[in-house]
Every structure is written in C-alpha cells, then in structure tokens.
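# Secondary and tertiary structure notes
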Amino acid sequence: MQLGAPTAGLSHAMGLLFLALLFKIAFTIFTMGVKVPAGLYIPSLAIGAIAGRMLGVGVEQLVYHFPNFAPFKTECGSAGSKCVTPGLYAVVGACAALAGVTRMTVSLVVMMFEVTGGLPYIVPLMVATMMAKWVGDAIVPGSIYDRQIVMNNYPFLDNKDEFNYTTIAADVMQPRPNEPPLGVLTQDSMRLAEVETLLSETDFNGYPVVVSQESQHLMGYILRRDLKTALAQARKNADHTDESPVYFGRRIPLQEGAGPLPLKLSMLVDLAPITITDQTPMETVIDMFRKLGLRTVLVTHNGRLLGIITKKDVLKHVNHMSHR
C-alpha cells in the first residue's frame, strides 16, 4: 500500500484524536481554574501535539489526493505524500501551543531542539513560536501567568512596564485630604490598652512611630505582627495592666512613684524606614518599589509624617493613569 493512502481506520483515528483534543482542552481549563498543582506545560504540549498531528495527517491526505497541485508538486516532486511527516507537525504544534500559553520564545525553541535533537526542525519551530506569540499578544497581552496575577489582584509590578506620567507622591499617599488621619504610635505616651485598641480597629501591616501626636515627627516603623506578638507575651505577665506605659524609644522617661510595669518595645522598631518627600516623582517611587522590593514607604515633609504609600496604592495609581 502506498504511503499516505487513506486506510479503513483513518477516519476512526482522526475521530479519536479530535475527541482527545476536546477532552484535553476541557480538563486543562478545569485544572487551571481550580487551585490544584496539576501543571500546565505538559497539557499545553499535549494539546498542541494532538492538533498538529491532525493537521499533519490532513496535509498528508491533501498531497496524496492532489499530487499535481502546484505547491505540492514543487515541494514534494516525485516523493508525493512521503515528503509530509505528521510527527513533525505534532512537534511544531506542541511548541506553538506552549508558546501561546506562556509567551516563551528562545528558551522554548532550545528546549524543543533538545527534546527532538533535529537541527532541521529549528526554523519551523522558530516560525511557529513567534507566530503563536504575536497572535497571542494581539488577542490578550501577557502570558497566562500574567493574567492570573491580574485576576487574583496580586501586588506585582512588572519591570518591563514604563511609567511616564508627572504625578508626585502627594497625589498617591494615604490618607487623602478628606479621609481620617493615619493611625500612628507615639514613642512614650501610649498605654497598653490604647495600643491594643489601635490594633483591633485597624488592619494595617505596620505602624509609623512618631515623637508625639502634635509634632508628628517620624521616629521609626514597627510591623503589626511583631507588635501583636510582643503584646501577647506581655499579657502573660500579671504585672502588665491596661495602664502600663508602652515605650517605643530607647530613652525611658522617669516615672514618679510606683506605677504599672512599663513595656519596652524599642528593639522591635525600625529606626531607619524607607522614606520619601511629598514632592518625589511617582516614577522614582515606582522604581524604588521594583528594585528594592518594598511593600510600603513613608511620606514626610521636613521630617514630619504626612502619609504612607503601599504597593497596592502604586498599582491602583498605575492602572488609573493607564486608563485615562
């Protein structure tokens, strides 16, 4: 029997391939939607390989039935359908499918070359990879992992994005002019019950420490988790009561008479937090968040605390400015 000639089981095999393609796509969508570590590389390769194999078989049948068609006659000559290798279409399809999902280019071609070991396949693999990436970027920019970050609202700043607007830190910092003041801790004028009340009424990841409520001069920054742990340990000591003074500074003021046992938390305070002025360009602030891996920065003016900028504030501002 001539190679490429249709056999009795060809239609059945193509039907099975099509059924496998549908099931594989459905299962991949399901496992990607549920938060289960089911993987994405192998399913994407399998989907592309099945689709490529079906295309390869289809081209093989076209060459067999229409050998005198100009493109087939020019490229295949007397070889006929023998010049079509459905397996090569499967490899190229697998590469294209994975490129469309992950938007990888050079590393994917190198990986497929190492798997196949065929140097003549480099060109079709490169063409398929770039076409898949261009088509995917034209439909939805970014890979599936980028879209998952956006869908789950993860605070991620992409280093490839550029910010070319003229806004400053004062335009982004919290709190805004019509909002309640920022929750802060004073270095030596708060009681244990007041600190616990502040923790229960707010959900910030950290709190600035200022000299006093009147001056608002920044002294440091303390993390919420460290503060909660320290207060929980202090409550185990019966000598610490609601009226126990809490000191965040290194200098402890003198107490008159016998009073409640003070709680000293100066060792938990970051005395050199990252700060910026209210006139700092947001382009500089975004670069700081990207390159230093920051979660928060404090905004000051002549040493006086004005507000705070978190990573989520930066992302909201970037999205707002990009959609204007």
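Residues numbered from 1 in each chain as written. Predicted model: local features only at pLDDT ≥ 70, side-chain atom pairs only at ≥ 80, totals over all residues. Heavy atoms only, no water.

### Considering the overall build of the chain
Convention followed: We count a stretch as a helix when DSSP gives it H or I for four or more residues in a row; a strand needs E for two or more, and each element gets its number in order from the N terminus. In this description the radius of gyration comes from C-alpha coordinates, and the expected globular size is given by 2.2 Å times residues to the power 0.38. Think of it in three bands: residues with accessible area under 20% of the maximum for their type are buried, residues over 50% are exposed, and the middle band is partly exposed, with areas taken using a 1.4 Å probe on protein chains only. Whether two residues are in contact is decided by their heavy atoms, any of which lying within 4.5 Å being enough. Only four residue types enter the tally: Lys and Arg on the positive side, Asp and Glu on the negative side, with His and both chain ends excluded. Lys charges are placed at NZ, Arg charges at CZ, Asp charges at CG and Glu charges at CD.
Helix and strand counts for the chain stand at eleven helices and nine strands. For 324 residues, the compact-globule formula gives about 20 Å, and the C-alpha radius of gyration of the chain, at 32 Å, lies well above that figure. With the C-alpha coordinates aligned to their principal axes, the bounding extent of the chain is approximately 110 × 45 × 35 Å. Split into buried and exposed, the 324 residues of the chain put 35% on the buried side. In the chain, of all internal contacts separated by at least 6 residues, the share reaching a separation of at least 24 is 62%. Here the chain carries 27 positive and 26 negative side-chain charges, and the mean point of each set is 8 Å from the other.

### Overview of helix H10 (residues 282–292)
Note the cut-off: This arc describes the spread of directions from the helix axis toward the C-beta atoms.
When we look at burial in H10, the residues that qualify are Met282, Val285, Ile286, Met288 and Phe289. The buried residues of H10 all sit within an arc of 155° when viewed along its axis, so they share a single face. Exposed side of H10, more than 90 degrees from the buried face: Lys291 and Leu292 are the residues found there. Where H10 is buried, its residues meet strand S7 (275–277), strand S8 (296–301), strand S9 (304–310) and helix H11 (311–322).

### As for the sheet that holds strand S1 (residues 185–186)
Going by this rule: At least two bridges found by DSSP between two strands are what make those strands a pair. Between N-to-C directions, angles span 0 to 180 degrees; the directions come from axes that are lines fitted to C-alpha atoms, helices contributing only their stretch in contact.
Strand order in this open sheet of three strands is S1-S3-S4, and the pairing throughout is mixed. Edge positions in the open sheet fall to S1 and strand S4 (218–223), since each of these has one partner strand only. Sheet topology places strand S3 (residues 206–210) next to S4; five bridges connect them, and they run antiparallel. Bridge assignment links Gly206 to a residue of S4, and that residue is Leu223. Contacts from helix H9 (residues 224–235) reach S1, S3 and S4, with the element oriented near 75° to S4.

### Digging into the sheet that holds strand S5 (residues 245–247)
Taken together, the three strands give an open sheet; going across it, the order is S2-S5-S6, and neighbouring strands pair in mixed fashion. Of all strands in the sheet, those bounded by a partner on one side alone are strand S2 (190–191) and strand S6 (263–264). Pairing geometry for S2 and S5, over two bridges, is antiparallel. Note that in S5 the partner of Met190 across the bridge is Val246.

### Points about the packing of aromatic side chains
Test applied: Any two rings among Phe, Tyr and Trp, with Trp reduced to its six-membered ring, count as a pair given centres within 6.5 Å; such a pair is stacked if its planes are under 30 degrees apart, edge-to-face if over 60, and tilted if neither.
In total, this model carries two aromatic pairs according to the counting rule given. With a centroid separation of 5.8 Å and 50° between ring planes, the pair formed by Phe23 and Phe27 is classed as tilted. Residue Phe23 and its partner Phe27 are both found in helix H1 (residues 10–33); the two are separated by four residues, about one turn of the helix. With a relative accessible area of 43%, Phe23 lands in the partly exposed category. For the ring pair Phe204 and Tyr207, a centre distance of 5.9 Å and an interplane angle of 65° mean the geometry is edge-to-face.

### Let's talk about the pattern of salt bridges
To keep it simple, the criterion reads: Here, a salt bridge means any Lys or Arg side-chain nitrogen found within 4 Å of an Asp or Glu carboxyl oxygen.
This structure, assessed with the given rule, holds four salt bridges. With its nearest N and O atoms 2.8 Å apart, the salt bridge here joins Lys133 to Asp137. With Lys133 and Asp137 both in helix H6 (residues 122–139), this residue pair falls four residues apart, about one helical turn. Judged by its relative accessible area of 22%, Lys133 is partly exposed. Using a relative accessible area of 26% as the deciding quantity, one classes Asp137 as partly exposed. Taken together, the salt bridges that share partners define one network made up of Arg103, Lys133 and Asp137.

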